[in-house]
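What follows is the residue order along each chain.
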Protein chains: 2
Amino acid sequence: MSNNNLIKGSLQTIILKLLEENDRMYGYEITQKVKELTAGEIKITEGALYPALHKLEADGLLTTEIEQVDNRVRKYYSLTKDGQKEVDNKMAELQGFVENLQRILNPTWNPGLT
Amino acid sequence: MSNNNLIKGSLQTIILKLLEENDRMYGYEITQKVKELTAGEIKITEGALYPALHKLEADGLLTTEIEQVDNRVRKYYSLTKDGQKEVDNKMAELQGFVENLQRILNPTWNPGLT
DNA sequence: TTATATACATAAGAAAATTATGCATACAAT
DNA sequence: ATTGTATGCATAATTTTCTTATGTATATAA
């Protein structure tokens, strides 16, 4: 995935947004969901995902519940209240950045069309 | 600019695309152009820009001409043939990534609308 | 003479990835 | 039997790509 090296900076937003939509998810599930939504084009690596989840939890945006499923451990993450607020902030930031990017790279682009 | 920390990975593409449109530009001019196009929301820092320009030149994508203008030195950059080819690759890569991002973050989004 | 603008550049440090590795269970294939 | 693939967690070493700070130099406005 040559595309993959562009995730930089958007992973936290992806995690928060998916958790807003899905209530609770575990790490591996997040990697599969992203793979599914992007037809396999974006693959979240564990080395990026787990440190990011731990940081969001340390920042008080996520909480965890550990569960046993089929003799395997799953660590479910869900949004805290602070986390729920942050989703909107991060989403606005990222969409704003993407709009600016389009203004630079695609001069004929009209922001009203997103 | 809290937005600024999201550039990661797209700076090279921005430089190449601006040079495709403007034939030749010098570093400071690029920073001003980006600032202008984004209403001051994205500011390219010198610490990011100059190393990026040097790398693109080392990779054979850009060539330089140094000129004296009003007792000041300007280093003009322009695309090489390899550089001209790379513009399309990088643009497709970035636009593809943005589309995938929208698929993850904005489930109702339709790629035909860009 | 101080601040701002123009114009280049590099060095130190931080952030956020990739790549590699490790542990553990389950199931399919050779 | 044992090798590969999938599920599920995690961390360490390294690399990429920024930010922040610093340096040099000229010009102009306050």
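Remember, it's a predicted structure, so these values are computed and weren't measured experimentally.

Notes on the protein's contact with DNA strand D
The environment of DNA strand D is formed by 28 residues, the closest being Y26(A), G27(A), Y28(A), G47(B) and N71(B). When contributions to the surface near DNA strand D are tallied by element, the ones reaching two or more residues are α2 (27-37), α3 (46-58) and β3 (72-79) of chain A together with α3 (46-58) of chain B. At five residues, α3(A) tops the list of elements feeding residues into the surface near DNA strand D.

Section: the UniProt feature "domain: Transcription regulator PadR N-terminal" (unreviewed entry) in chain A
Per the UniProt record, "domain: Transcription regulator PadR N-terminal" (unreviewed entry) is found at residues 15-87 of chain A. In the segment residues 15-87 of chain A, helix accounts for 53% and strand for 25%; the C-alpha atoms at its two ends are 9 Å apart.

Observations regarding α3(A)
Helix length check: α3(A), at 13 residues, gives a terminal C-alpha distance of 18 Å against a target of 18 Å (1.5 Å per residue), a fit within 8%. Following α3(A) by one or two positions, G60(A) adopts a phi angle in the positive range, close to 80 degrees.

A few points about the sheet that holds strand β1 (residues 25-26) of chain A
Residue and element names in this part refer to chain A. Here we have three strands laid out as an open sheet, ordered β1-β3-β2, and antiparallel in their pairing. In the strand order of this sheet, the two ends are held by β1 and β2 (62-69), each with one partner. Bridging between β1 and β3 involves two bridges; their strand directions are antiparallel. Across the sheet, M25 pairs through a bridge with Y77, a residue of β3.

Considerations on the protein's contact with DNA strand C
In the neighbourhood of DNA strand C, 28 residues make up the surrounding shell, with G47(A), N71(A), Y26(B), G27(B) and G47(B) lying closest. Of all elements in the fold, only α3 of chain A together with α2 (27-37), α3 and β3 (72-79) of chain B reach the threshold of two or more residues within the surface near DNA strand C. For the surface near DNA strand C, the element with the highest residue contribution is α3(B), accounting for five residues. In terms of residue class, the surface near DNA strand C is built from ten nonpolar, ten polar and eight charged.

With respect to the sheet that holds strand β1 (residues 25-26) of chain B
All names here are of chain B. Spatially, the three strands line up as an open sheet ordered β1-β3-β2, and their pairing is antiparallel. Every other strand in the sheet has two partners, leaving β1 and β2 (62-69) as the edge strands with one partner each. Both β2 and β3 contribute to a ladder of eight bridges, which runs antiparallel. Residue pairing for β3: T64 is matched across the bridge by Y77.

Observations regarding the confidence of the model for chain A
As a general rule, the predicted coordinates of low-pLDDT regions are not to be interpreted in detail. Residue and element names in this part refer to chain A. In the predicted model, chain A carries a mean pLDDT of 91, and 91% of its residues have values of at least 70. By mean pLDDT, the top-scoring element of chain A is β1 (98), and the lowest-scoring one is helix α4 (residues 81-105) (95). Note on residues 1-5: pLDDT is under 50 here. Beyond four places in sequence and across chains, it has twelve contacts.

Reading the values: rules and limits
Residues numbered from 1 in each chain as written. Chains lettered and ligands numbered in written order. Predicted model: local features only at pLDDT ≥ 70, side-chain atom pairs only at ≥ 80, totals over all residues. Near = placed C-beta within 6 Å. Helix = DSSP H or I, 4+ residues; strand = E, 2+ residues; numbered from the N terminus. UniProt positions renumbered as here; feature names shortened; annotations may be inferred. Expected span 1.5 Å × (residues − 1). Pairing = 2+ DSSP bridges. Nonpolar A, V, L, I, M, F, W, Y, C, P; charged D, E, K, R; others polar. pLDDT = per-residue confidence, 0-100. Contact = placed C-beta atoms within 7 Å.

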